[in-house]
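# Fold and geometry: a report
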Protein chains: 2
Amino acid sequence: MMKHESLDTFITDLASKAPTPGGGGASALGGAIGSALGSMVGNLTLGKKKYAEYEPDIRLLLDKLSHNQEELLALMDQDAKAFEPLSKAYALPKNTEEEIAQKEEVLEQALYAASLVPIDIMRKSVEALLIQEELSVKGTRIAISDIAVGVQFLRAALLGASMNVYINTKSMKNRDNAKELNKEADELIQKGTTIADKVYQYVLDLLR
Amino acid sequence: MMKHESLDTFITDLASKAPTPGGGGASALGGAIGSALGSMVGNLTLGKKKYAEYEPDIRLLLDKLSHNQEELLALMDQDAKAFEPLSKAYALPKNTEEEIAQKEEVLEQALYAASLVPIDIMRKSVEALLIQEELSVKGTRIAISDIAVGVQFLRAALLGASMNVYINTKSMKNRDNAKELNKEADELIQKGTTIADKVYQYVLDLLR
C-alpha cells in the first residue's frame, strides 16, 4: 500500500512523470491529512474538564475521522489501480472500424471507473468537513488554528479530486453518465466549500 | 528528518495529541505536494515537440520547484524545532514578579521564532504558485488538471501556515513585531490566493 512509502518517496514519485501517483492520489492524501488534523483537535479535547459535556460527541467524531482517514489513504491505491486500465485503453490501436469501436467501449468503461474514485474522495472530504464544523464548536480552543488548517486541506482535496472527475467526464461518449457524475461533483463542491469557507472565516475572526 | 517517515506514521502522529507534527508541519507538506505536482507537469512537458519552444523555461521552473519542494520538506522539521522552546516557555512558572518577567521575555522570543517558520512556508508557497501560473501557460495540456490540484494544495499550505502566524502574534506583547508579521502574512495571502484562484478558474473553464 502507498501509505507505507516514506513522504520523500511519495513526493519524488509525484514529481516524476510516472502516471501515478498524480493529482488523484495527492487529493486522497490531502483528505487524510485534513481528517487527521480533526482527530488531533479531538484528542486534545478528551479529558479536559472544560469540554467534559462534549466528551461522548468527541469520541463519536474521532471514530468517524479515523475511518475516514483510513478510507482516504486506501483511496490513494484505488486511484492508482483505476488509472491503469484507463492508460491501457488510451493506448489501444484504432486502425480498423472494429478496433475503433472496441477502443471506444473499453475507454468508456475505464473513464467511468476512473471517475468513481475521485467522487469517493470528494464524498469523504465533505464528510470530514462536516465533522470539522462540529469540532469548531465542541473542540478545545487551544487547537482552534488546526481546525482551520484541516478545513483548508479538505477543501483542496475536494477541489483537487473534482479535477479528475471533470477531465474524465469530458471524454465520455455517454453524456448521461457524464452529466450525472458532474452534477454530483458540482453539488459536493458547493456543499463542501460552503462549510470550509465558513469554518475558516470563523477561526480567522477569532485569531486575526 | 520527518520526510523519511512513512505517510502512515506521519498521519498517525498528526492525528495524535503529540505537539508535533501539527498544522504547521502539515502546511509545509502541503506546499511540497503542490510543488511536486508542478514538477510532474514540467517533467511530462519535457521532450514534447509541441512544447519545444518552452523547454529552456520548463527546465528553469523544474530547478526552482525542486529547491522549493526540498525547502518545504525541511520546513516540516524546522516547524517542529521552533515549537519546542515555545511549549517550554508556556510551561515556565510565574509565582514571583521575577519569574513573571522572565517568562514573558522567553515567551516573546519563542513566539517570534515560531512565527518565522510559517512565514517561510507561506513565502515558498507563493513562489511555487507563481511557477504554477507560468506552467499553466507553458506546460502540457495532458496534465492541466494536475496544475489545478497543485494550486489548491499551495493555497491550503499558504492559508494553513498563516494560522500559525496569527495564533502566535495574537499572544505577542511587542505589537510592532506582531503587526509587521501580520502585515507580511496578509500580503502573502492576498498575492497567493489571487494567483491560485485565477489559475484554478482557468483550468476549470477548460475542463468543465
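Structure report, in brief. (Residues numbered from 1 in each chain as written. Chains lettered and ligands numbered in written order. Predicted model: local features only at pLDDT ≥ 70, side-chain atom pairs only at ≥ 80, totals over all residues. Heavy atoms only, no water.)

This part takes up the overall build of chain A. Along its length, chain A carries six helices and zero strands. Dimensions of chain A, computed from C-alpha atoms along their principal axes, come out at roughly 75 × 35 × 30 Å. Residues counted as buried form 56% of the 208 residues belonging to chain A. When contacts within chain A are restricted to residue pairs at least 6 apart in sequence, long-range pairs at least 24 apart make up 77% of them. Accessible surface for chain A amounts to roughly 9100 Å². Of this, 53% is attributable to carbon and sulfur atoms. Measuring between centres, the 24 positive side-chain charges of chain A sit 5 Å from its 30 negative side-chain charges. (Helix = DSSP H or I, 4+ residues; strand = E, 2+ residues; numbered from the N terminus. Buried < 20%, exposed > 50% of the residue type's maximum accessible area, 1.4 Å probe, protein only. Contact = heavy atoms within 4.5 Å. Areas by Shrake-Rupley, 256 points an atom, 1.4 Å probe, with all protein chains shown as cover. Lys, Arg positive; Asp, Glu negative; His and termini not counted. Charge placed at Lys NZ, Arg CZ, Asp CG, Glu CD.)

Between helix α2 (residues 23-45) of chain A and helix α5 (residues 144-169) of chain B, whose axes approach to 9 Å, the crossing angle comes to 25°. In terms of axis orientation, α2(A) runs roughly parallel to α5(B). As α2(A) runs across α5(B), the sense of the crossing is left-handed. Contacts from A:Gly23, A:Ala26, A:Ser27 and A:Gly30 of α2(A) reach α5(B) at B:Asp146, B:Val149 and B:Phe153. (Axes fitted to C-alpha atoms, helices over the stretch in contact; angles between N-to-C directions. Parallel < 35°, antiparallel > 145°, perpendicular 65-115°, else oblique. Left-handed = near helix turned anticlockwise from the far one by under 90°.)

Right, let's get into the pattern of salt bridges. All names here are of chain A. One pass over the full model with this rule turns up 24 salt bridges over all chains. Note that Arg123 is salt-bridged to Glu184, the shortest N-O span being 2.8 Å. Highlighted residues: Arg123 in helix α4 (residues 97-138) and Glu184 in helix α6 (residues 175-207), separated in sequence by 61 residues. For Arg123, a relative accessible area of 35% corresponds to the partly exposed category. Residues Lys138 and Glu134 are paired through a salt bridge, measuring 2.8 Å at the closest nitrogen-oxygen approach. Separated by four residues within a single helix, Lys138 and Glu134 lie in helix α4, roughly one turn from each other. Three or more residues are tied together by salt bridges with common partners; here these are Asp57, Glu134 and Lys138. (Salt bridge = Lys/Arg side-chain N within 4 Å of Asp/Glu carboxyl O.)

Counting 137 residues, the largest nonpolar core has A:Leu29, A:Ile33, A:Met163, B:Leu29, B:Ile33 and B:Met163 as its most contacted members. Beyond its immediate chain neighbours, meaning those up to four positions away, A:Met163 contacts B:Ser145, B:Ala148, B:Val149, B:Tyr200, B:Val203, B:Leu204 and B:Leu207. (Core = buried A, V, L, I, M, F, W, Y, C linked by side-chain atoms within 4.5 Å.)

Bringing the relation of the copies chain B and chain A into the picture now. Least-squares fitting of chain B to chain A yields an RMSD of 0.0 Å, with the transformation described by 0.0 Å of translation along the axis and a rotation of 180°. Given the turn and translation reported, the copies of this chain are related as if by a two-fold rotation axis. Relative to the rotation axis, the C-alpha of B:Ser6 is the closest in chain B, positioned 1.9 Å from it. With an isologous cut-off of 70% or more, the 100% of interface residues of chain B that recur at the interface of chain A puts this contact in the isologous class. (Least-squares fit on C-alpha atoms with pLDDT ≥ 70 in both.)

Time to look at the interface of chain B and chain A. Of the residues lining the interface, 58 residues belong to chain B; the matching set on chain A comes to 58 residues. Here chain B packs against chain A, burying approximately 4800 Å² in sum over the two surfaces, 69% of which is carbon and sulfur. At the surface where chain B touches chain A, the tally comes to two salt bridges. The shortest N-O distance in the salt bridge between B:Arg208 and A:Asp186 comes to 2.4 Å. (Buried area = accessible area lost by both parts, 1.4 Å probe.)

What follows is about the environment of A:Gly139. All names here are of chain A. In this fold, Gly139 is placed in the loop between α4 and α5 (144-169). According to the relative accessible area criterion, Gly139 is buried, its value standing at 1%. Taking C-alpha positions, Gly139 is 32 Å from Met1, a pair spaced 138 residues apart along the chain. The contact partners of Gly139, leaving out residues within four places of it in the chain, are Val41, Thr45, Tyr51 and Ile58.

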